[in-house]
Amino acid sequence: MKKIYLIIAREFVERARKKSFILTTLLMPIFMIGMMVAPSLMMLYGGSEQKQVVVIDHSGIVSPRLQSSKEVLFTAENNMDKAEACKIYNAESGIFGILYIDERVGDSGNVEFIINSSSSLMLEELITSQIENIVEQEKLKERYNIDNLDQMLQDVATPITLSTFENNGTGNNEDMESTSAGINYILGIVLGMLLYMVIIIYGQMVLTSVVEEKASRVLDVIVTSCRPFEIMMGKILGIASVALTQIAIWAVLVIAASKFLIPALFTADVAATSDMMLQGVIGTLGDTAYIAQLFVYLVLFILGGFLLYASLYAASGSAVDSVQDGQQFNTIIMMPIIIAMIVMMSVFNDPNSPVAFWASMIPFTSPIVMIARIPFGIPTWEIVVSLVVLYLSFIFTTWLAAKIYRIGIFMHGKRPSWRELGSWLKVK
Amino acid sequence: MDSILSVQHITKSYTQHKALDDLSLEVPRGSVYGLLGPNGAGKTTLLRIINRITMPDSGCVLLDGKPLTESEVFNIGYMPEERGLYKKMRVGEQAIFFARLKGLGKHEAERRLREWFSRLDILNWWDRKVEDLSKGMAQKVQFITTVLHEPKLLIFDEPFSGFDPINANLLKEEILRLRDRGATVIFSTHNMASVEEICDHITLIDRSRNILSGSVDDIRRTAGGNIFEITHRSSHEELSATLAGLATPLGESRGIVGGYTATKIHIPHNEDIREVIRRLNDRCELRSLQEMMPSMNDIFIRAVNGTLK
């Protein structure tokens, strides 16, 4: 058994001191934060320039009350006729489009938007909702003749914020954690993506490195010192220890940020903000115990998922002579991982759907799907069952892979067929 | 004969061909044992079977008269034909890694390695990466990692390929030195000169079979067929007349310095040698007589062509 430690140690030292490892370990958190922050930053600052829209309003009620905003600038040209406007405000005029409202808009509800370039959903929504409001209020005024309608409407308008809490059975919400679907969604995606990347990147590392050892004939030398199973497990565990080291470093960084950085950054400001979503995010990220618990699950599922797939990658690597040949096996191994990613995306609509449940139990998809479900609050027994199934399957795939590996590493030449691989399994 | 390794009736077939066919051989303890044969004869397969990398279809390999155990196999020093080193690893660290896999402690491994490295004059490679070494250089490193744990059985597959003559000689000296320190060395080769210089015993494998086995001296003498070279002062006709009934001159004579002539003769019966010498001495001014051993190269070619004996 001492030999397997030597192999693990070699794999670990050779990889962990590479510059690329140190760089990815440090840059990855920055990249992840960037991915999380980028969409909101883009919404805030990246919005495109103000679009000029010419309004031809033959009803006379809409155009005076249209509000220009950062996104769109309305210019009234009520005396123009539609055909004329189309001629003048063509693509060269720099005008984005022409909004044509006829006299009967209150009855028909039809508005035409004639545009010079491609429209966006957001812009269309902005325009329809404004016109809807205007027409609605105008009709109220006109048909029911209520005084001070504007004031009354303003008076009764109440924006609603939905605060979601986990049911702790007491009904006392005061000190309960708020569980916003938004933050769960983000955590689920980050954790799922992390697992996906670790399995793919480190799994392929196993494949490449087995192929290299085989092609360079280093294996021929090592097999005269130890058993093929020790060599295979040594490599898998060595690479796993590299992956875990990387995650441990990230965990320390994130937990430290949760403990010190988040409380320091958001103390008074958070209470002041009315944005519940932001409060939820900060509340969750500032909950160090919760973050630490997530990392424990993350490590368990990453280890299980990686070990499950790594043995398959090792077997594939042993069967071929070049990384290119290995790609064909790689594609097949990737399929359940990609299915897991697709299922993971559906998890966010309903974390407790039958698909989500079963996909987080079946070992090949379970690590990714389960880790994405965990932030939504999953019964512990489900997590335990999923882990047990995962680790039992790892023992099975490793046993299977070892049978292929010990024959494959000595086979040079053409890529074996499935039938040949099957026959290797039968060799005693 | 005290044999350290005994290969008994090994047969190994692959789908297209038979690699080894009922092959047996005995390796005497403390010998340098050469495994000769044309390309594809089955030498490497045999070495891989001895190391239990490949399993034979039938037959067995005995070490000290007993079937090989796993730990004994792990103790054999085996250098495969295709050199296998991690390209990205530094030479010293890599050598220590292999030595520790063979069971040496870290410090003991480093001490022995530094000793070997300085003797082979490669100490300055210690911190270089393997990918920066030439093929011959990497082979030296591989040789050292193979022998470092001082196994009693050493197996080299084509150890001289890729070496220049100077380094090939260095390797020969090291192989003999290892033998003198008690190791048994088996190696496969095409290099016939190396066989004559360092092998005690050989086996010639051709088309999956053992076609010739024995000590090098015996084989050369047997294959030699009593050919002698004499130097003398007489014409070809005089020589023929002198030797009539006892021996026959072979081929052309050639003149050498001092007016002497060198001629190869064949003496069919050993007991006639003294009589031949007496007559030559009396009538042909015999200056020297020397038994002509055929080169291993000749024997190799003749054995493979089936014209030996």
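**Here we look at the overall build of chain B**
Item 1. Secondary structure summary: chain B contains 11 helices and 14 strands in total.
Item 2. Within the span of chain B, comprising 309 residues, buried residues form 38% of the whole.
Item 3. Residue pairs at least 24 apart in sequence account for 71% of intrachain contacts in chain B once pairs closer than 6 positions are excluded.

**Concerning helix α1 (residues 43-50) of chain B**
Item 1. The element α1 of chain B is largely enclosed, with a buried count of eight among its eight residues.
Item 2. Among all positions of α1 of chain B, only Lys 43, Thr 44, Thr 45, Leu 46, Leu 47, Arg 48, Ile 49 and Ile 50 of chain B are buried.

**Side note on the domain arrangement of chain A**
Item 1. As assigned here, chain A comprises domain 1 (11-43 + 181-426) and domain 2 (51-160).
Item 2. For domain 1 of chain A and domain 2 of chain A, the distance between their C-alpha centroids amounts to 52 Å.

**Considering the interface of chain B and chain A**
Item 1. With 20 residues of chain B at the contact, the number on the chain A side is 16 residues.
Item 2. Elements with a minimum of two residues in the side of chain B that touches chain A: α2 (70-75) and α3 (91-101) of chain B.
Item 3. A total of four residues in the side of chain B that touches chain A trace back to one element, the largest contributor, which is α3 of chain B.
Item 4. In terms of residue class, the side of chain B that touches chain A is made up of 12 nonpolar, three polar and five charged.

**A few points about the sheet that holds strand β14 (residues 288-291) of chain B**
Residues and elements named next belong to chain B.
Item 1. Pairing in this open sheet of four strands is antiparallel, and the strands run β12-β13-β11-β14 from one edge to the other. The two strands at the open ends of the sheet, each matched to only one other strand, are β12 (248-255) and β14. The mean angle between the axes of side-by-side strands here comes to 20 degrees, regardless of whether they run parallel or antiparallel.
Item 2. As judged from the five bridges shared by β12 and strand β13 (residues 261-266), these two strands associate in the antiparallel manner. Opposite Arg 254, over in β13, you have Ala 262 as the bridge partner.

**Topic: the packing of α3 of chain B against helix α4 (residues 106-119) of chain B**
Residues and elements named next belong to chain B.
Item 1. Where α3 contacts α4, the axes come no closer than 9 Å and their chain directions differ by 125 degrees. By the angle between their axes, α3 is oblique relative to α4. Seen from above, α3 lies across α4 with right-handed handedness. Facing α3, whose interface residues are Gly 92, Ala 95, Ile 96, Ala 99 and Arg 100, α4 presents Lys 106, Ala 109, Glu 110 and Leu 113.
Item 2. By residue class, the composition of the contact of α3 with α4 is five nonpolar, one polar and three charged.

**Quick notes on the packing of helix α1 (residues 2-16) of chain A against α3 of chain B**
Item 1. Direction vectors running N to C along α1 of chain A and α3 of chain B enclose 160 degrees, while the axes themselves pass 9 Å from each other. Between α1 of chain A and α3 of chain B, the crossing angle belongs to the class labelled roughly antiparallel. The way α1 of chain A lies across α3 of chain B gives a crossing that is left-handed. Contacts from Lys 3, Leu 6 and Arg 10 of chain A in α1 of chain A reach Phe 97, Arg 100 and Leu 101 of chain B in α3 of chain B.
Item 2. Classifying every residue of the contact of α1 of chain A with α3 of chain B by side-chain character gives three nonpolar, no polar and three charged.

Criteria and thresholds
Residues numbered from 1 in each chain as written. Chains lettered and ligands numbered in written order. Predicted model: local features only at pLDDT ≥ 70, side-chain atom pairs only at ≥ 80, totals over all residues. Helix = DSSP H or I, 4+ residues; strand = E, 2+ residues; numbered from the N terminus. Buried ≥ 20, exposed ≤ 12 C-beta atoms within 10 Å, placed from the backbone. Contact = placed C-beta atoms within 7 Å. Domains from an automatic or database assignment. Nonpolar A, V, L, I, M, F, W, Y, C, P; charged D, E, K, R; others polar. Pairing = 2+ DSSP bridges. Axes fitted to C-alpha atoms, helices over the stretch in contact; angles between N-to-C directions. Parallel < 35°, antiparallel > 145°, perpendicular 65-115°, else oblique. Left-handed = near helix turned anticlockwise from the far one by under 90°.

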